[in-house]
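Survey of secondary and tertiary structure
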Amino acid sequence: QVQLVESGGGLVQAGRSLRLSCAASGSIRSINTMGWYRQAPGKQRELVAIMSSGGRTNYADSVKGRFAISRDNAKNTVYLQMDNLAPEDTAVYYCNYRGGVMALGTYLEVWGQGTLVTVSS
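Quick look at the structure, then. Remember, predicted model here, so these are calculated numbers, not experimental data. (Residues numbered from 1 in each chain as written. Predicted model: local features only at pLDDT ≥ 70, side-chain atom pairs only at ≥ 80, totals over all residues. Heavy atoms only, no water.)

Focus on the side chain of Arg71
Relative to the helices and strands, Arg71 resides in strand β7 (residues 67–72). Buried charge Arg71 goes without a salt bridge, the closest partner of opposite sign being Asp72 at 8.1 Å. Within polar-contact distance, the side chain of Arg71 engages the backbone oxygen of Met51 at 2.8 Å. Setting aside anything within four residues of it in sequence, one finds Arg71 in contact with Asn32, Thr33, Met34, Met51, Ser52, Ser53, Thr77, Val78 and Tyr79. (Helix = DSSP H or I, 4+ residues; strand = E, 2+ residues; numbered from the N terminus. Buried < 20%, exposed > 50% of the residue type's maximum accessible area, 1.4 Å probe, protein only. Lys, Arg positive; Asp, Glu negative; His and termini not counted. Salt bridge = Lys/Arg side-chain N within 4 Å of Asp/Glu carboxyl O. Polar contact = N/O pair within 3.5 Å; in protein donor to acceptor, adjacent residues only side chain to side chain. Contact = heavy atoms within 4.5 Å.)

A few points about the sheet that holds strand β3 (residues 18–26)
Taken together, four strands build an open sheet; the order of strands is β1-β3-β8-β7 and the sheet is antiparallel. Where the open sheet ends on each side, the last strands, each with one partner, are β1 (2–7) and β7. Geometrically, the sheet is characterised by an average inter-axis angle of 15° between neighbouring strands, direction not taken into account. With six bridges connecting them, β3 and strand β8 (residues 77–82) associate as antiparallel partners. Residue pairing in the sheet places Arg19 in a bridge with Gln81 of β8. (Pairing = 2+ DSSP bridges. Axes fitted to C-alpha atoms, helices over the stretch in contact; angles between N-to-C directions.)

Brief notes about the side chain of Thr115
On the secondary structure map, Thr115 appears in strand β11 (residues 115–120). Separated by 3.3 Å, the side chain of Thr115 and the backbone nitrogen of Gly9 make a polar contact.

Quick notes on the nonpolar core
Most often, soluble globular proteins have nonpolar side chains that are buried together. Counting residues in each nonpolar core, the largest one holds 29 residues, and the members touching the most others are Leu4, Trp36, Leu80, Met82 and Tyr93. Where this core is concerned, the elements lending two or more residues are β1, β3, β4 (32–39), β5 (46–52), β7, β8, β9 (91–99) and β11. Contacts of Leu80, omitting those with residues within four sequence positions, involve Leu18, Arg19, Leu20, Trp36, Val48, Ala49, Phe67, Ala68, Ile69 and Tyr93. (Core = buried A, V, L, I, M, F, W, Y, C linked by side-chain atoms within 4.5 Å.)

What about the pairing of β11?
Because side chains alternate across β11, one face comprises the buried residues Thr115, Val117 and Val119, and the other comprises Leu116, Thr118 and Ser120, none of which is buried. Bridge count between β9 and β11: three bridges; the pairing is antiparallel. Paired with Tyr93 across the strands is Thr115, a residue of β11.

Describing the pattern of salt bridges
In total, this model carries four salt bridges according to the counting rule given. One salt bridge connects Asp89 with Arg38, and the closest N-O pair in it is separated by 3.0 Å. In this pair, Asp89 sits in the loop between β8 and β9 while Arg38 sits in strand β4, placing the two residues 51 residues apart along the sequence. Given a relative accessible area of 6%, Arg38 falls into the buried group. The shortest N-O distance in the salt bridge between Asp89 and Arg66 comes to 2.7 Å. Here Asp89 is found in the loop between β8 and β9, whereas its partner Arg66 is found in the loop between β6 (57–59) and β7, with 23 residues between them in sequence. A network of salt bridges, in which partner residues are shared, links Arg38, Glu46, Arg66 and Asp89.

Points about the state of the cysteines
What the rule picks out here adds up to one disulfide. Bridging Cys22 to Cys95, the disulfide has an S-S length of 2.0 Å. The chirality of the disulfide connecting Cys22 with Cys95 is left-handed, given an S-S dihedral of about -85°. One end of the pair, Cys22, is in strand β3; the other, Cys95, is in strand β9, and 73 residues separate them in sequence. (Disulfide = S-S within 2.5 Å.)

Take a look at the structure:
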């Protein structure tokens, strides 16, 4: 199994920055994807940014140029640097891990408990 521990959420004013961290532990696959999703009140969970262990990234259009994802594979930790935050970024941010191969029966997807980011105007 894999466990995820998130940190870094909080309350900030618009235009300020926050950095989220997510540390994975347990049976980590060397080839995996880790990243962040978010869910605002009354809305569906959506992709924010993900990054593969090989360094490939994918961002939501709404955060491009403002958010940056990075990871430390040695520490099995993924980070999300969020700059120029806006009220519409207010949401619960969830860390996500995906590893293994579906066809081999080793695929595993794990979600963190979520961390609340609130951006005031």
